[in-house]
Amino acid sequence: MNAQNKSTGRIGSLTQLQWLAVALVVVTGVLHVYAGLVEGRLPVALAGVGYAGALVLFFFDYRRRLLYLIGIPYTAVQFPLWIVAKSEYGMVDYVDKAVQVALILVLIYLSLNTPSDSAGNTATAAD
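The notes below deal with the structure included here. Positions within a chain are numbered from 1, following the residues in the order the chain's sequence is written. Local features are withheld for residues below a pLDDT of 70 in this predicted model, meaning they are given only at 70 or higher, and side-chain atom pairs are given and counted only at 80 or more; totals for whole chains, interfaces and linings count all residues. Just so you know, side-chain values use all the structure's heavy atoms and leave hydrogens and water out.

**A word on the overall build of the chain**
Okay, step 1: Strands here mean DSSP runs of E at least two residues long; helices mean DSSP runs of H or I at least four residues long; both are numbered from the N terminus. Across its full length, the chain carries six helices and zero strands.
Okay, step 2: Going from N to C terminus, the chain has its helices and strands arranged as α-α-α-α-α-α.
Okay, step 3: Working definition: with a 1.4 Å probe on protein chains only, accessible area under 20% of the residue-type maximum means buried, over 50% means exposed, and in between means partly exposed. Within the chain, the proportion of its 127 residues that are buried is 34%.
Okay, step 4: The contact definition used throughout considers only heavy atoms, calling two residues in contact when any of these lie within 4.5 Å. Contacts spanning at least 24 positions in sequence make up 73% of the contacts within the chain whose residues lie at least 6 apart.
Okay, step 5: Carbon together with sulfur atoms contributes 70% to the accessible area of the chain, which is approximately 7800 Å² in total. In these tables, accessible area is a Shrake-Rupley quantity obtained with a 1.4 Å probe, and a residue counts as shielded only by the protein chains included in the view.

Laid out in structure tokens, this is it:
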């Protein structure tokens, strides 16, 4: 089976927790793009685009454990930035932060329970 078929086949074998992580990433990503466009804050919108990029890599089964590990600080660093950059907080802000807390917890669990040797496809010299 070639790498393309392998990555496509892995989507159907996602666990419920991985699907939960996908849903949380979609929610926070969409909220960031929306807030960035509405508030005119390009960095906020780009954070949402970063989540979309992570999803693409995830669905191509590219080093999922590394994605989990990078996703934890990527999401966590947004809390202090949000507190410093915002002067008013709305319901969307609080929903997004609740989603991000849940996402961080799910990513921690996934990173601790994903073996290093099955962390996804990696490029080799033979490829």
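**A few points about the layout of surface pockets**
The method is simple in principle: a probe with the dimensions of a water molecule rolls over the atoms, and the space it marks as empty is what remains.
Okay, step 1: Empty space within the largest pocket amounts to approximately 400 Å³.
Okay, step 2: Elements that contribute at least two residues to the lining of the largest pocket include exactly α2 (16-39), α3 (42-59), α5 (78-85) and α6 (91-112).
Okay, step 3: A volume near 290 Å³ is recorded for the second largest pocket.
Okay, step 4: What lines the second largest pocket is a set of 17 residues, and nearest its centre among them are V25, A54, L55, L67 and G71.
Okay, step 5: Breaking the lining of the second largest pocket down by element, the ones donating at least two residues are α2, α3, α4 (64-76) and α6. Cavities and pockets are found on a 1 Å grid laid over the protein atoms alone: a cavity is a set of points where a 1.4 Å probe fits but cannot escape, a pocket is an open set with protein on both sides within 12 Å along at least five of seven lines, and a lining residue has an atom within 4 Å of such a point. Grid points are joined across faces, edges and corners, and a volume is the space filled by probe spheres set on the points.

**Considering the pattern of salt bridges**
Okay, step 1: A pairing counts as a salt bridge when a side-chain nitrogen of Lys or Arg comes within 4 Å of a carboxyl oxygen of Asp or Glu. According to the stated counting rule, one finds three salt bridges in the structure shown.
Okay, step 2: Close ionic contact of E39 with R41 constitutes a salt bridge, the shortest N to O distance being 3.4 Å.
Okay, step 3: In this structure, the salt-bridge partner of R64 is D61, at a minimum N-O distance of 3.3 Å.
Okay, step 4: On the accessibility criterion, R64 (3% relative accessible area) is buried.

**Concerning the packing of α2 against α6**
Okay, step 1: Viewed as axis vectors pointing N to C, α2 and α6 meet at an angle of 150°, and their least axial separation amounts to 9 Å. As for the relative orientation of α2 and α6, their crossing is left-handed in sense. Taken together, the residues of α6 that come into contact with α2 (itself represented by L17, Q18, L20, A21, L24, V25, V27, T28, L31 and H32) are V92, V95, D96, K97, V99, Q100, A102, L103, V106, Y109 and L110.
Okay, step 2: Each residue gets one label: Ala, Val, Leu, Ile, Met, Phe, Trp, Tyr, Cys and Pro are nonpolar, Asp, Glu, Lys and Arg are charged, and the others, such as Gly, are polar. Within the contact of α2 with α6, the residues separate by chemical class into 15 nonpolar, four polar and two charged. Simply put, an axis is a line fit to the C-alpha atoms, just over the touching stretch for a helix, and the angle between two N-to-C directions goes from 0 to 180 degrees. Left-handed describes a crossing whose near helix is turned anticlockwise from the far helix through less than a right angle; right-handed describes the clockwise counterpart.

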